[in-house]
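Residues per chain, in single letters:
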Amino acid sequence: MKENKDKKVQIFRLETRLVDSYEQVVKIYIHSKESGGIWAYVRQLSENERFSAKAVQIEETTQFKIVYNPKINNELFIEFNGNTYQIVSIDKYQFNHTDLVINANQVLAPEFDEVMYENY
């Protein structure tokens, strides 16, 4: 089966900043606003895969495969189809720096005060 990276996902992190003595939560996308996100292959995990993940106390529901990006880590969130996912695990795909396979589970969208995009 061909895995086409034909879906756009948005990946972000949250930072807490002190602004005028108040804590402010900033949602920072790791890609530019102009790009609209990162191309990904997206699929739901099979029941067998979900069962295996539960056996080691991990709840994974969705898999995203993207081009390798050194900024990706377990502290990030993914937005796709109006849903938010928290990254649970990352497979560096044989350590060849071509693709990342990200397993994530759906969560409630975190609250934030401001949105920013990283500069390229």
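The structure reproduced in this document is the subject of the present report.

### With respect to the environment of Lys 33
Okay, step 1: Within the element layout of this structure, Lys 33 appears in the loop between strand 2 (22–29) and strand 3 (38–44).
Okay, step 2: Along the backbone, Lys 33 and Glu 118 are 85 residues apart, and their C-alpha atoms lie at a distance of 8.5 Å.

### As for the packing of aromatic side chains
Okay, step 1: Evaluated as defined, the whole model comprises five aromatic pairs.
Okay, step 2: The interplanar angle of 65° and the centroid separation of 5.8 Å between the aromatic rings of Phe 12 and Tyr 29 together place this pair among those described as edge-to-face. Taken together, the residues span a long stretch of sequence, with Phe 12 in strand 1 (residues 7–19) and Tyr 29 in strand 2 at a distance of 17 residues.
Okay, step 3: Classification of Tyr 29 by relative accessible area gives buried; the value is 7%.
Okay, step 4: Geometrically, the ring pair formed by Phe 64 and Tyr 85 is edge-to-face, given 5.3 Å between the ring centres and 70° between the ring planes. Here Phe 64, found in strand 4 (residues 62–67), pairs with Tyr 85, found in strand 6 (residues 83–91); they are 21 residues apart in sequence, far enough to count as distant. Of the two residues examined, Phe 64 and Tyr 85, each falls in the buried class.
Okay, step 5: Every member of this aromatic cluster is reached through a ring pair, and the members are Phe 12, Tyr 29, Phe 77 and Tyr 117.

Each value, and the rule that gives it
- Residues numbered from 1 in each chain as written.
- Predicted model: local features only at pLDDT ≥ 70, side-chain atom pairs only at ≥ 80, totals over all residues.
- Heavy atoms only, no water.
- Helix = DSSP H or I, 4+ residues; strand = E, 2+ residues; numbered from the N terminus.
- Phe/Tyr/Trp six-rings, centres within 6.5 Å; stacked < 30°, edge-to-face > 60°.
- Buried < 20%, exposed > 50% of the residue type's maximum accessible area, 1.4 Å probe, protein only.

Purely geometric numbers; function is a separate question.
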